[in-house]
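Chain by chain, the residues:
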Amino acid sequence: MQIRLQLTLVEDDQEMVYEVGSFERGALNFETLGLSLEEGKTVLNALQAVLVEQQISQQLEGVRPCPECGIQRRTKGHHHVLLHTVYGDIPVNSPRWWRCACDVQGGTFSPLSSLMPENTTPELLFLQTKWASMVSYGATVNLLRDVLPMGKTLNAETVRKHVHQVAQRAEDALGAEQAFFVEGCQQDWDTLPMPDGPLTVGIDGGFVRARRKGWFEVITGKSILAFQRDQIGNQQSSKTFAFVTTHDQKPRRPLFEMLRSQGMQENQKVTFMSDGGDNVRNLQLYLSPNAEHVLDWFHVTMRLTVLGQMARGLPGEIEELNDVPERLERAKHHLWHNHVNQGCEELSDLEMDLSSTLDRSQVDLACIRKMQKYVTEMIGYIGNNKVYMVNYGERYRAGERVSTGFVESAVNQVISKRFVKKQLMGWTPRGAHLLLQIRTRVLNNELEDLFRQWYPDFRKAA
C-alpha cells in the first residue's frame with residue numbers, strides 16, 4: 001500500500017496542491033502501525049516549509065506597493081535567512097527593496113525585518129527556555145531533537161543564549177528599584193475592597209558552585225496566599241522568587257512584583273519570615289504597610305540544638321558546667337515565649353561561667369573555648385534580631401506559622417534540583433541569576449503569560 005499526503009491551499013476559490021509526504025506499507029505488523037516518529041517529523045517539516053513559503057509570499061505581495069502612491073517597489077536583491085521553527089529550520093528568501101521616490105527616507109529596506117525581528121519563532125523559544133529551566137542545556141537539546149524535527153543548528157550554547165536573552169528581556173521590563181514601595185495613606189487604604197487571605201512570605205538562602213572556585217549565595221523565597229475570596233473553598237496558592245545577591249542590582253523589585261501578582265493590597269496582612277541574616281533583613285522592609293516581620297524559630301532552635309550537642313562533650317569533672325543542658329533549655333523556653341531579655345541573661349551567665357572556667361583551668365580545654373564562641377555568637381544573633389522575635393508559643397497554639405519549613409522545600413525545588421544535586425556544572429553569578437528568573441516563572445506558571453505580553457497571538461489562554 002502506498003500512502004501519499006497532500007496539502008491543499010485555497011485562496012480566492014483557487015486550489016494549490018503540494019505533496020508533503022509519501023510512504024509505503026506492506027504486511028501489517030505492530031511496528032509499522034501508523035506513522036513512525038521519523039515519518040511524522042518528515043511530514044511536519046515539509047508542511048512547515050510550504051506554509052512558511054506561502055505565508056511570506058502572500059505578505060510580500062500585499063506590502064510591495066507603496067502605501068502613498070501605489071507604485072510597485074523595485075527589488076535591489078535578496079538573501080536567504082534560516083528561520084528556526086519547532087518543525088525544523090526553514091530557509092526563507094528575504095528580498096531588499098528600494099524605497100519609492102515619494103518616501104523622504106530613501107535608500108533600501110528589508111520588508112521582512114518587521115515581520116521576522118528574530119530568527120527563532122516564539123514557540124521554539126518558549127520550549128527551549130521552559131525545558132532548560134528544568135533540565136540541563138544538553139538534555140534540553142536531546143529532548144527537542146527526539147520529539148521534533150530539529151536542525152543541526154540547535155545546540156546547548158544556542159539554548160543557553162536564548163535563555164539569557166529571554167530572562168534579560170524580562171528583567172529589563174521590571175521597574176526600577178525603590179527604597180519605599182508603600183503608597184498612599186491610611187485614609188486611602190480604608191477605602192480599598194476586602195483583601196484576600198493573609199500572605200506568608202518565607203525567605204532563605206542556598207549556595208551554588210561557582211565556575212572557577214568556591215560558591216556564591218542565592219536568595220530564594222516562597223509566598224503562600226491563604227485563600228482567594230472569589231474562589232470556592234480555602235485553597236492555598238504559592239509562588240516563588242530567587243536572585244543572586246552579588247549580581248542583582250534591584251532585589252526587592254521582583255519580590256514586590258511577585259506579591260502584587262498575588263493580589264497584595266495595602267490593607268492586607270503580610271507576614272515575612274526569615275533567618276535574620278544581614279542579606280535578607282532589609283529585603284523585606286517597606287513592601288507593605290500591614291507587614292509583620294518574624295524571625296524564623298527553626299533557625300533559633302537549630303543554633304540552640306548545636307549548643308546542646310556541644311554541652312554533652314563538656315568535661316564531667318567540672319561541676320560548674322554540669323547543669324549547662326538545663327540552662328540551655330531554660331533559655332530556649334524564654335525565647336519561645338518571647339522573654340528575650342531573660343533568655344539573653346541566661347546565655348550571658350553561661351558565657352561568663354565558661355570564661356571563668358577557662359581562666360581557672362590549668363589546661364586549655366578546646367571544647368569549652370569552642371562552646372564559649374558559639375554562645376557569644378548566639379547572644380549577638382538574638383540581639384540583632386530582637387525586634388523580629390514574637391511569642392512563638394502563642395502563634396503555635398493559634399495555628400499560625402512559626403517556622404519557614406515551607407521555604408526549605410522551595411530552596412530544594414528552585415536551587416538544589418537544577419543547580420546542585422547531581423550537577424557538576426560551575427556557574428557564573430549572571431548565568432545562574434538569569435536562569436533562576438526563567439525557572440521561577442515556570443514553577444509559578446507565568447512563562448506563557450510573559451510570552452503573551454511580547455507576542456499577543458502566542459498560545460491563546462485557556
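Let me sum up the structure you'll find in this document. (Residues numbered from 1 in each chain as written. Predicted model: local features only at pLDDT ≥ 70, side-chain atom pairs only at ≥ 80, totals over all residues. Heavy atoms only, no water.)

1. Quick notes on the nonpolar core
Now for step 1: Grouped together as the largest cluster of nonpolar side chains are 43 residues, with contacts concentrated most on Phe216, Val218, Phe419, Trp427 and Phe451.
Now for step 2: Mapped by element, the contributors of at least two residues to this core are helix 3 (122–134), helix 4 (137–147), helix 5 (156–173), strand 7 (215–225), strand 8 (237–244), helix 14 (405–420), helix 15 (429–443) and helix 16 (447–454).
Now for step 3: Leaving out residues up to four positions away in the same chain, Phe419 has contacts with Val208, Val414, Trp427, Ala432, Leu435, Leu436 and Arg439.
Now for step 4: If you look at the next biggest cluster of nonpolar residues, it comprises 37 residues, including Val324, Ile382, Met389 and Val390. (Core = buried A, V, L, I, M, F, W, Y, C linked by side-chain atoms within 4.5 Å. Buried < 20%, exposed > 50% of the residue type's maximum accessible area, 1.4 Å probe, protein only. Helix = DSSP H or I, 4+ residues; strand = E, 2+ residues; numbered from the N terminus. Contact = heavy atoms within 4.5 Å.)

2. Some remarks on helix 3
Now for step 1: In a regular helix each residue adds 1.5 Å, so 13 residues correspond to 18 Å; helix 3 covers 19 Å between its end C-alpha atoms and thus fits that length.
Now for step 2: Contacts made by the buried residues of helix 3 are with strand 3 (75–85), helix 4, helix 5, helix 14, helix 15 and helix 16. (Expected span 1.5 Å × (residues − 1).)

3. So, the pairing of strand 3
Now for step 1: In terms of strand pairing, strand 3 meets strand 4 (residues 88–98) through 10 bridges, oriented antiparallel. What sits directly across from Leu83, in strand 4, is Ile90.
Now for step 2: The antiparallel pairing of strand 3 with strand 4 creates a hairpin that spans 2 residues between the two strands. (Pairing = 2+ DSSP bridges.)

4. A look at the packing of aromatic side chains
Now for step 1: Tallied over the entire structure, the rule returns 15 aromatic pairs.
Now for step 2: Taken together, a centroid distance of 6.3 Å and an interplanar angle of 20 degrees make the contact between Phe241 and Phe243 stacked.
Now for step 3: We classify Phe241 as buried; its relative accessible area is 4%.
Now for step 4: Judged by relative accessible area, Phe243 falls into the buried class, the value being 4%.
Now for step 5: With a centroid separation of 5.1 Å and an interplanar angle of 65 degrees, the aromatic rings of Trp297 and Trp336 are classed as edge-to-face. Taken together, the positions of Trp297 in helix 9 (residues 297–311) and Trp336 in helix 10 (residues 324–336) put the pair 39 residues apart, joining distant regions of the chain. (Phe/Tyr/Trp six-rings, centres within 6.5 Å; stacked < 30°, edge-to-face > 60°.)

5. Overview of a negative patch on the surface
Now for step 1: Together, Glu11, Asp12, Asp13 and Glu61 make up a region of like negative charge exposed at the surface.
Now for step 2: Structurally, Glu11 can be placed in strand 1 (residues 2–11).
Now for step 3: A relative accessible area of 35% places Glu11 in the partly exposed class. (Patch = residues over 30% accessible without salt bridge, like charges linked within 9 Å, V, L, I, M, F, W, Y side chains within 5 Å. Areas by Shrake-Rupley, 256 points an atom, 1.4 Å probe, with all protein chains shown as cover. Salt bridge = Lys/Arg side-chain N within 4 Å of Asp/Glu carboxyl O. Lys, Arg positive; Asp, Glu negative; His and termini not counted. Charge placed at Lys NZ, Arg CZ, Asp CG, Glu CD.)

6. Some thoughts on the sheet that holds strand 6 (residues 199–209)
Now for step 1: Spatial ordering of the open sheet is given by 8-7-6-9-10, a layout of 5 strands whose pairing is mixed. Every interior strand has two partners, whereas the edge strands, strand 8 and strand 10 (291–295), have only one. Strand-to-strand twist across the sheet, computed as the mean angle between neighbouring axes with direction ignored, equals 25 degrees.
Now for step 2: Bridge count between strand 6 and strand 7: 11 bridges; the pairing is antiparallel. Bridge pairing links Leu199 to Leu225 in strand 7.
Now for step 3: Sitting on the sheet, helix 15 touches strand 7 and strand 8, and the angle it makes with strand 8 is about 170 degrees. (Axes fitted to C-alpha atoms, helices over the stretch in contact; angles between N-to-C directions.)

7. Examining the environment of Arg327
Now for step 1: Take Arg327: it is sitting in helix 10.
Now for step 2: We classify Arg327 as buried; its relative accessible area is 7%.
Now for step 3: Distance in space between the C-alpha atoms of Arg327 and Val81 is 76 Å, their sequence separation being 246 residues.
Now for step 4: Discounting chain neighbours no more than four positions away, the residues touching Arg327 are Glu320, Glu346, Asp349, Leu350 and Asp353.

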